[in-house]
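Residue-level listing of the chains:
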Amino acid sequence: MITFDHVCKTYPGGVEAVRDLCLEVEPGETLVLLGTSGSGKTTTMKMVNRLIGITSGRILLDGRDITDRDPVALRRGIGYAIQHIGLFPHMTIGENIAVVPKLLGWPASEIAERVDRMLAMTGLEPEDFRDRFPSQLSGGQRQRIGVARALAADPPIVLMDEPFGALDPITREQLQNEFLELETEIRKTILFVTHDVFEAVKMGDRIALMDAGELQQLATPKALVDAPANAFVDQFLGQHRFQLSLLTRTIRSILSEAGRGGDAPDQRPEVYLSVRSSLIDGLDLFKRTERERIAVYEGRTFRGTMAKRDLLGAISGVLGEMGGGG
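Per chain, residues are indexed from 1 in the order of the written sequence. For a predicted model such as this one, the threshold for reporting local features is a pLDDT of at least 70, and the threshold for listing and counting side-chain atom pairs is 80 or more; totals across whole chains, interfaces and linings nevertheless cover every residue. Each side-chain value is worked out from all heavy atoms of the structure, with water and hydrogens disregarded.

A word on helix H12 (residues 241–248)
What counts is decided by this rule: Accessible area is worked out with a 1.4 Å probe on protein chains only. A residue is then buried under 20% of its type maximum, exposed over 50%, and partly exposed in between. Strands are runs of DSSP state E lasting at least 2 residues, helices are runs of H or I lasting at least 4, and numbering of each runs from the N terminus.
Extensive coverage of H12 is indicated by the burial of six of its eight residues. Along H12, the residues that are buried comprise Arg 241, Leu 244, Ser 245, Leu 246, Leu 247 and Thr 248.

Considerations on the nonpolar core
Heads up, the condition is: The criterion is simple. A nonpolar core is a set of buried Ala, Val, Leu, Ile, Met, Phe, Trp, Tyr and Cys residues joined through side-chain atoms within 4.5 Å. By definition, residues are in contact when any of their heavy atoms lie within 4.5 Å.
Counting residues in hydrophobic clusters, the biggest one holds 46 residues, and the most contacted among them are Leu 34, Ile 97, Leu 119, Ile 145, Met 160, Phe 164 and Phe 179. Those residues in contact with Phe 179 that sit more than four places away from it in its chain are Val 147, Met 160, Phe 164, Ile 190 and Met 203. Counting 25 residues, the second-largest nonpolar core is a separate cluster that includes Ile 2, Phe 4, Met 47 and Leu 191.

Brief notes about the pairing of strand E13 (residues 301–307)
A regular strand places its side chains on the two faces of the sheet in alternate fashion. Inclusion rule: At least two bridges found by DSSP between two strands are what make those strands a pair.
With respect to burial, E13 is a largely interior element, five of its seven residues being buried. With six bridges joining them, strand E12 (residues 293–298) and E13 adopt antiparallel strand pairing. Bridging across to E13, Ile 294 finds its partner in Met 306. Linkage of E12 to E13, two consecutive antiparallel strands, is achieved through a turn of two residues, within which Gly 299 is found at a positive phi near 65°.

Quick notes on the pattern of salt bridges
Threshold: Salt-bridge detection follows one rule: a side-chain nitrogen of Lys or Arg within 4 Å of a carboxyl oxygen of Asp or Glu.
Scanning all chains against the criterion turns up 19 salt bridges. A salt bridge links Asp 116 to Arg 130; the shortest N-O distance between them is 2.8 Å. Of this pair, Asp 116 sits in helix H5 (residues 108–121) while Arg 130 sits in the loop between helix H6 (126–129) and helix H7 (139–151), and the two are 14 residues apart along the sequence. The class of Asp 116 is partly exposed, set by a relative accessible area of 25%.

Brief notes about the sheet that holds E12
Pairing in this open sheet of three strands is mixed, and the strands run E11-E12-E13 from one edge to the other. Pairing within the sheet leaves two strands with one partner each, and these edge strands are strand E11 (273–274) and E13. Note: E11 against E12, two bridges, orientation parallel. Directly across from Ser 274, in E12, lies its bridge partner Tyr 297.

Describing the layout of surface pockets
Filter applied, for reference: The distinction between a cavity and a pocket rests on a 1 Å grid over the protein atoms alone: a 1.4 Å probe fits inside a cavity but cannot get out, while a pocket stays open yet meets protein on both sides within 12 Å along at least five of seven lines, and a residue with an atom within 4 Å of a point counts as lining. Grid points are joined across faces, edges and corners, and a volume is the space filled by probe spheres set on the points. Under this grouping Gly is polar, as are all residues other than the nonpolar Ala, Val, Leu, Ile, Met, Phe, Trp, Tyr, Cys and Pro and the charged Asp, Glu, Lys and Arg.
As a volume, the largest pocket reaches approximately 1,000 Å³. If you trace the largest pocket, you find 33 residues lining it, with Gln 174, Asn 177, Glu 178, Glu 181 and Tyr 272 closest to the centre. At the level of secondary structure, the elements contributing two or more residues to the lining of the largest pocket comprise H7, helix H8 (169–186), E11 and helix H14 (279–289). When residues in the lining of the largest pocket are grouped by element, the largest group, eleven residues, is from H8. Residues of the lining of the largest pocket, tallied by class, amount to eleven nonpolar, nine polar and 13 charged. One number sums up the size of the second largest pocket: a volume of about 440 Å³. In this structure, the second largest pocket is lined by 19 residues; those nearest its centre are Arg 75, Arg 76, Ile 78, Tyr 80 and Val 100. Take the lining of the second largest pocket: its biggest share by element is four residues, from strand E6 (residues 78–82). For the lining of the second largest pocket, the residue count by class is 13 nonpolar, three polar and three charged.

Topic: the side chain of Thr 30
Relative to the elements of secondary structure, Thr 30 occurs in strand E3 (residues 30–34). Taking relative accessible area as the criterion, Thr 30 reaches 1% and is therefore assigned buried. With sequence-adjacent residues up to four places away left out, Thr 30 is seen in contact with Glu 183, Ile 190, Phe 192, Met 203, Gly 204, Asp 205 and Arg 206.

Take a look at the structure:
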């Protein structure tokens, strides 16, 4: 759906922010652009909706060059969520979410229905929140509204520039988990920018690691951690390889061996694991609840149960693999 074809961005003075970037983002995929400050990741993302112009090369959306499209119309068709949210303080929450649908000329009844749907989808009760103002919300609630606004017009593509970066660690993790659940339902093509390797591994279907404007490795989280392409990638991953290895392995990856089947509860219980939960998330939940077995869901669909002993066995297996490799 998004194609970068030998894309370059050079600023006045000769600074090369992006050099000969070639990659494709598949429909329905979350591709994380990862790198330190100055790596070119945010510039890459902002070129997609033409907030930053391209020096050379092409960016194609569904095969069509973005420079052949009106930039305003282009931006209205792409969701955009940023770290500092950018909610309009003089507008209510409902009005903030409705901005793009109004610009697109949606009927008032459809806009009202969409606002309530987006609030509910992001875990906020419409009756309680639609008429509040941004100043009356917590940081985590405002960030939810930022995501809701980005999704309000049902765009096929969503750009997310460190959307959870300004939050405290607990709220950040909560919103990451909620977004992963939401992602199962919305199935958008997402370009997600972060400098945090743990967030990248958790959120991405694939990761594009950049340095000094150049793509260093494009891989799934597991392939990136298990097989760094060069010395830079290896150094970037640092001393956190074991923890990252556990983050790249999901409950889904071990459920086929250990926990498929079982009787489905009448409704999803309060305590459950997602198939996208990492082994670390699973270990933490077993520790907090002191349970021996926990139900596993994909969205609202029951997928089986996970036993604590099987999870511990999988973690021991990862530790053994790493010990054997080195």
